[in-house]
Amino acid sequence: MSTAEPTEQQPEPQGTPDALLGPADIRELAAVLGVRPTKQKGQNFVIDANTVRRIVRTAEVRPDDVVVEVGPGLGSLTLALLEAADHVTAVEIDDILAAALPATIEARMPAKKDRFALVHSDAMHVQELPGPAPTALVANLPYNVAVPVLLHMLDRFPTIERTLVMVQAEVADRLAARPGNKVYGVPSVKANWYAEVKRAGAIGRNVFWPAPNVDSGLVSLVRRTEPVKTTATKSEVFAVIDAAFAQRRKTLRAALAGWAGSAVAAETALTGAGISPQARGESLTVEEFAAIAEHKPAAERPAL
């Protein structure tokens, strides 16, 4: 777990401080709705206005941005995003929270209610969004589904240029890890397929209700200006990544034997890509995984 990043609070900017939700507002709203945050749904509501404004600043949300937010909960971050962006679309799976959020927006930020849209759905099932195409993704992601949701949104909405997500600190470390790092793995490589990834700060436990028993971290993802150069498809590259890390302690010659059809075929693909068959997945870049996918023996590679 990274502990080097600051958790300092920044001065609250001038504007409409009463529009954002504070600890008492959050608890009152939850009581009115009969909402009790559950671990099963990964619900930890941010109760600090300075923190949500810090997230918006770190995300570099601009006045012309169309932001998509996943898991808005009671609306803490949503309101801060509406302060800064042109339009916000929130994706919420919970029936009660989804039903209540538009009323919260109208009550606390009525001038922006027409610049807000709600999608009541599981984010993993979202295939399209209402209104203009999103340019940014900013979200406090439930820890148990953070990586698949992030990858799905980046894949489905290529117009998303900038992403800032708050996730469990260990997940943040994995997403931002570089080759050779002990926590470098599937999330690291797949995220790098879409974007340049880096840690963007740490978040303490006391800004949440209920306080989680883990620390949180911010991860910044800026979409690649040019895709990874490869003749292989994304699914072909991801299949190599999955196979390499399914047995990460084995050499790639052994780990990729099932993917290639045999250890000999795996060695052929590796040497063709210029990679030692004795190397391990944790040492490879996404470009190198793509090169391996390109050199899969033709008889084993599915027709496109």
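Please refer to the structure placed before this passage.
Sequence order as written defines residue numbering, which begins from 1 separately in each chain. Two thresholds apply to this predicted model, a pLDDT of at least 70 for residue-level local features and 80 or more for giving and counting side-chain atom pairs, whereas whole-chain, interface and lining totals are computed over all residues. For side-chain calculations, the full set of non-hydrogen atoms in the structure is used, while hydrogens and water are omitted.

**Q** Looking at this structure, I do not really get the sheet that holds strand β6 (residues 162-168). What am I missing?
**A** Each strand in a sheet pairs with another by means of backbone hydrogen bonds, the pair being arranged parallel or else antiparallel. By definition, two strands form a pair when at least two bridges between them are found by DSSP. Secondary structure elements follow DSSP: runs of H or I of four or more residues count as helices, runs of E of two or more count as strands, with numbering from the N terminus. The seven strands are arranged β4-β3-β2-β5-β6-β9-β7 in an open sheet whose pairing can be described as mixed. Of all strands in the sheet, those with a lone pairing partner are β4 (116-120) and β7 (195-203), marking the two edges. For this sheet, the mean angle separating the axes of adjacent strands, direction not counted, is 20 degrees. When strand β2 (residues 66-70) meets strand β5 (residues 136-140), the two strands line up parallel, connected through two bridges. When the sheet's bridge partners are listed, Val-68 is paired in β5 with Leu-137. Sheet strands touched by helix α4 (residues 95-108): β3 (87-92) and β4. Its angle to β4, the strand with the most contacts, is close to 170 degrees. Every axis corresponds to a line fitted to the C-alpha atoms, with the helix fit spanning only the stretch in contact, and the corresponding angles, defined between N-to-C directions, vary from 0 to 180 degrees. Every residue pair with non-hydrogen atoms within 4.5 Å of one another is taken to be in contact.

**Q** Help me understand helix α1 (residues 23-33) in this model?
**A** Structural remark: α-helix, 3.6 residues per turn; residues separated by three or four positions point the same way. Between buried and exposed lies partly exposed: a residue is buried under 20% and exposed over 50% of the maximum accessible area for its type, with that area taken using a 1.4 Å probe on protein chains only. Buried within α1 are the following residues: Ile-26, Leu-29 and Ala-30. Buried positions in α1, seen along its axis, are confined to an arc of 100 degrees and lie on one side of it. Away from its buried face by more than 90 degrees, α1 exposes Ala-24, Glu-28, Ala-31 and Val-32. The elements touched by buried residues of α1 are β1 (45-46), α3 (76-84), α4 and β8 (208-209). Taken from the residues just after α1, Gly-34 is the one with a positive phi, measuring 70 degrees. This arc is built from the directions going out from the helix axis to the C-beta atoms.

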